Amino acid sequence: MNIDKTNEIINFYIDKFDKSAGKEHDELFKWRSAWKCRKYWDLENADFAGMFQSCFKDSGSLISSSFWWPNNGIMMLCDERSNHQEAVREAFRILTEETEEDDKARGEHTFTFIHKINSLLESRSNGKGYLQNSRSALSYLGLIFPQKDFIYKPTTASNFADSVEFSENFSSGKAFRLDAYYRMCRELAEVIRTRPELLEIVQKELISQAEEYNMPGLESIDPECHILAFDIMYTADTYDYYMDHPFVHRTKASRTKQEKEEKKQEIENEISYIEDHIRMLKDQIGNADSADIIGASVSHRKFGEGKITSQNDDKVTVAFPAGSKIMSLAFLTSNHMLDDTGVMESYNNRMHLKNELDTYRANLAIKNSELAYFIQKNKTRKQLQEEEEERERLSLAKKKAKAQQ
């Protein structure tokens, strides 16, 4: 990171502070929203939806826009009619799990959170405008844990990175690299902490707002300057710093190459995620309790009372007074013909896991095909030529071997 250019942006922030922090723009709402999160955030709250709303209802444009409302998507899933509150709670438990500053692990948790919430939203016809992404996930984290996480907005972050010549690429969308973005933010926070005049004006205004809004301790909500780091990037982008201080964006060719690499990485990440779930489901199936089905009683309207004498996967042999019949467990359980509820619950649980495993295997096949197609489609002319030459070489070698026989 170019420290001189970083300090120029900080100087711009200081010059614009009265305007950005004033009543007209009120950019310090970010600190007040973090204060509310510290007060209300409780993963175990029985009313998760109410707790979530108390935390993020004043988060403004950090999370939502005029056409995209991820926080409303969370509320929609927690509605009594949706009955997904516990699934949402579990997704947030993954998102907020402690990773001890392991940014790659934090990135994986973020990806899992997005996948889980969007899987629920995509089943709803009106869920598209409520989908989660890296911006919404990191905004939740940055407001809940400003002492260790950072708020994120793609264009704001990208413009700042190019302006200060940050060397790493953190990309955006599904290929977003949280570890690289956090590295840039930490470098910015380090520079911020060397600017006492900046810290003084921000602290003074936060103390004033703590009294005005009855938010005791507001001035200490951001001890590591993480919210301030984002606000500096945001101010530079919003208040036209780059108009007077233009910077060179990376070339179209380099961006195109980068986008292809990111797309490939995105597909590989999804494949890795699916493979992890397949392994997990196999373990769950292997560890699932299997009630002893031999000897279980069966009640059939036509054949009367019987007992299961043998089993072969989903097929069982049932001995009835009139003779033995081969039937499927799916038929018996779906028609409630088994008297032992433990057997039915055990079977239904295993079948649910197997069906989920089949779904993930199908998705894995699709993603592997997508990756193979993407790699083939984006091969360079030189690679295609080399492959064609290798095919010709193998064909000639095969013909030569055949002629010598």
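Residues numbered from 1 in each chain as written. Predicted model: local features only at pLDDT ≥ 70, side-chain atom pairs only at ≥ 80, totals over all residues. Heavy atoms only, no water.

### Some details on the overall build of the chain
Here's step 1: What the chain contains, in helices and strands, is 16 helices and 4 strands.
Here's step 2: The C-alpha radius of gyration of the chain comes to 29 Å, more than 25% above the 22 Å expected for a compact globule of 405 residues.
Here's step 3: Along the first, second and third principal axes, the C-alpha atoms of the chain reach 95 × 80 × 35 Å.
Here's step 4: When burial is assessed residue by residue, the chain has 43% of its 405 residues classed as buried.
Here's step 5: Look at the contacts in the chain between residues 6 or more apart in sequence, and 65% of them connect residues 24 or more apart.
Here's step 6: Carbon and sulfur atoms make up 49% of the accessible area of the chain, which totals about 22400 Å².
Here's step 7: Looking at the chain, you have 56 positive and 68 negative side-chain charges, and the mean spots of the two groups are 8 Å apart. (Helix = DSSP H or I, 4+ residues; strand = E, 2+ residues; numbered from the N terminus. Rg over C-alpha atoms; globule rule 2.2 N^0.38 Å. Buried < 20%, exposed > 50% of the residue type's maximum accessible area, 1.4 Å probe, protein only. Contact = heavy atoms within 4.5 Å. Areas by Shrake-Rupley, 256 points an atom, 1.4 Å probe, with all protein chains shown as cover. Lys, Arg positive; Asp, Glu negative; His and termini not counted. Charge placed at Lys NZ, Arg CZ, Asp CG, Glu CD.)

### Some remarks on the packing of helix α1 (residues 3-21) against helix α9 (residues 178-192)
Here's step 1: Close contact between α1 and α9 brings their axes to 11 Å; oriented N to C, the two are set at 70°. Between α1 and α9, the angle falls in the class roughly perpendicular. Classified by chirality, the crossing of α9 by α1 is right-handed. Touching Ile3, Thr6, Asn7 and Ile10 of α1 are Leu188, Val191 and Ile192, all from α9. (Axes fitted to C-alpha atoms, helices over the stretch in contact; angles between N-to-C directions. Parallel < 35°, antiparallel > 145°, perpendicular 65-115°, else oblique. Left-handed = near helix turned anticlockwise from the far one by under 90°.)

### A look at the side chain of His226
Here's step 1: Summarising the element assignment, His226 is placed in helix α11 (residues 226-238).
Here's step 2: Contacts of His226, omitting those with residues within four sequence positions, involve Pro146, Gln147, Lys148, Asp149 and Phe150.

### Let's talk about the packing of aromatic side chains
Here's step 1: The tally for this structure, following the rule as stated, stands at 25 aromatic pairs.
Here's step 2: When the centroid spacing of 5.1 Å and the interplanar angle of 70° are considered together, the rings of Phe150 and Tyr182 count as edge-to-face. Residue Phe150 is located in the loop between α7 (134-144) and α8 (154-163), and its partner Tyr182 is located in helix α9; the two are separated by 32 residues in the primary sequence. Assigned by exposure class, Phe150 and Tyr182 land together as buried.
Here's step 3: Aromatic side chains Tyr181 and Tyr182 sit 6.3 Å apart centroid to centroid with 55° between the ring planes, which places their arrangement in the tilted category. (Phe/Tyr/Trp six-rings, centres within 6.5 Å; stacked < 30°, edge-to-face > 60°.)

### Considering the nonpolar core
Across soluble globular proteins, nonpolar side chains have a tendency to be buried as a group.
Here's step 1: In terms of nonpolar packing, the biggest core is built from 83 residues, with Trp31, Trp41, Phe56, Phe92, Tyr140, Phe170 and Tyr181 touching the most fellow members.
Here's step 2: Each residue touching Tyr181, except ones within four places of it in the same chain, is listed here: Leu138, Phe150, Ile151, Tyr152, Ala157, Phe170, Phe176, Phe230 and Met233.
Here's step 3: Within the second largest apolar cluster, 15 residues are counted, among which are Ile308, Phe320, Val343 and Met344. (Core = buried A, V, L, I, M, F, W, Y, C linked by side-chain atoms within 4.5 Å.)

### Digging into the environment of Ala210
Here's step 1: Among the secondary structure elements, Ala210 is positioned in helix α10 (residues 196-212).
Here's step 2: Here Ala210 falls in the buried class, since its relative accessible area comes to 9%.
Here's step 3: Spatially, the C-alpha atom of Ala210 lies 54 Å from that of Ile285, the residues being 75 residues apart in sequence.
Here's step 4: When near neighbours in sequence (up to four residues on either side) are disregarded, Ala210 contacts Met215, Pro216, Leu218 and Glu219.

### Digging into the sheet that holds strand β2 (residues 304-312)
Here's step 1: Strand order across the open sheet formed by 4 strands is β1-β2-β3-β4, with antiparallel pairing between neighbours. Every other strand in the sheet has two partners, leaving β1 (297-300) and β4 (323-328) as the edge strands with one partner each. If you compare each strand with its neighbour and ignore which way they point, the axes differ by 40° on average. (Pairing = 2+ DSSP bridges.)

### Looking at the pattern of salt bridges
Here's step 1: The tally for this structure, following the rule as stated, stands at 24 salt bridges.
Here's step 2: Arg106 is the partner of Asp149 in a salt bridge, and the nearest nitrogen-oxygen pair spans 2.9 Å. Of the two residues, Asp149 sits in the loop between α7 and α8 while Arg106 sits in helix α6 (residues 103-121), which places them 43 residues apart along the sequence.
Here's step 3: Overall, the relative accessible area of 2% leaves Asp149 in the buried class.
Here's step 4: Here Glu168 ties to Arg177 by a salt bridge, and the two come within 3.6 Å at their closest N and O atoms.
Here's step 5: Among the ionic contacts, a cluster of salt bridges with common partners joins Glu168, Arg177, Asp179 and Arg183. (Salt bridge = Lys/Arg side-chain N within 4 Å of Asp/Glu carboxyl O.)

### A few points about the packing of helix α3 (residues 48-56) against helix α4 (residues 70-78)
Here's step 1: With their axes 9 Å apart at the nearest point, α3 and α4 run at an angle of 165° to one another. With respect to each other, α3 and α4 are oriented roughly antiparallel. Crossing geometry of α3 relative to α4 is assigned as left-handed. Contacts from Phe48, Ala49, Phe52, Gln53 and Phe56 in α3 reach Asn71, Ile74, Met75 and Cys78 in α4.
Here's step 2: Tallied by class, the residues present in the contact of α3 with α4 amount to 7 nonpolar, 2 polar and no charged. (Nonpolar A, V, L, I, M, F, W, Y, C, P; charged D, E, K, R; others polar.)

### Observations regarding unusual backbone geometry
Here's step 1: Despite not being glycine, Glu101 shows a phi value in the positive range, around 60°.
Here's step 2: Relative to the helices and strands, Glu101 is located in the loop between α5 (85-95) and α6.
Here's step 3: The backbone of Cys225 sits at a positive phi, close to 65°, despite the residue not being glycine.
Here's step 4: Note on placement: Cys225 falls in the loop between α10 and α11.
Here's step 5: With relative accessibility at 8%, the residue Cys225 sits in the buried group.

### Topic: the confidence of the model for the chain
Here's step 1: Per-chain confidence: the chain averages 87 in pLDDT, with 95% of residues scoring 70 or above.
Here's step 2: Confidence, expressed as mean pLDDT per element, reaches its minimum in the chain at helix α13 (residues 252-287) with 79 and its maximum at α10 with 96. (pLDDT = per-residue confidence, 0-100.)

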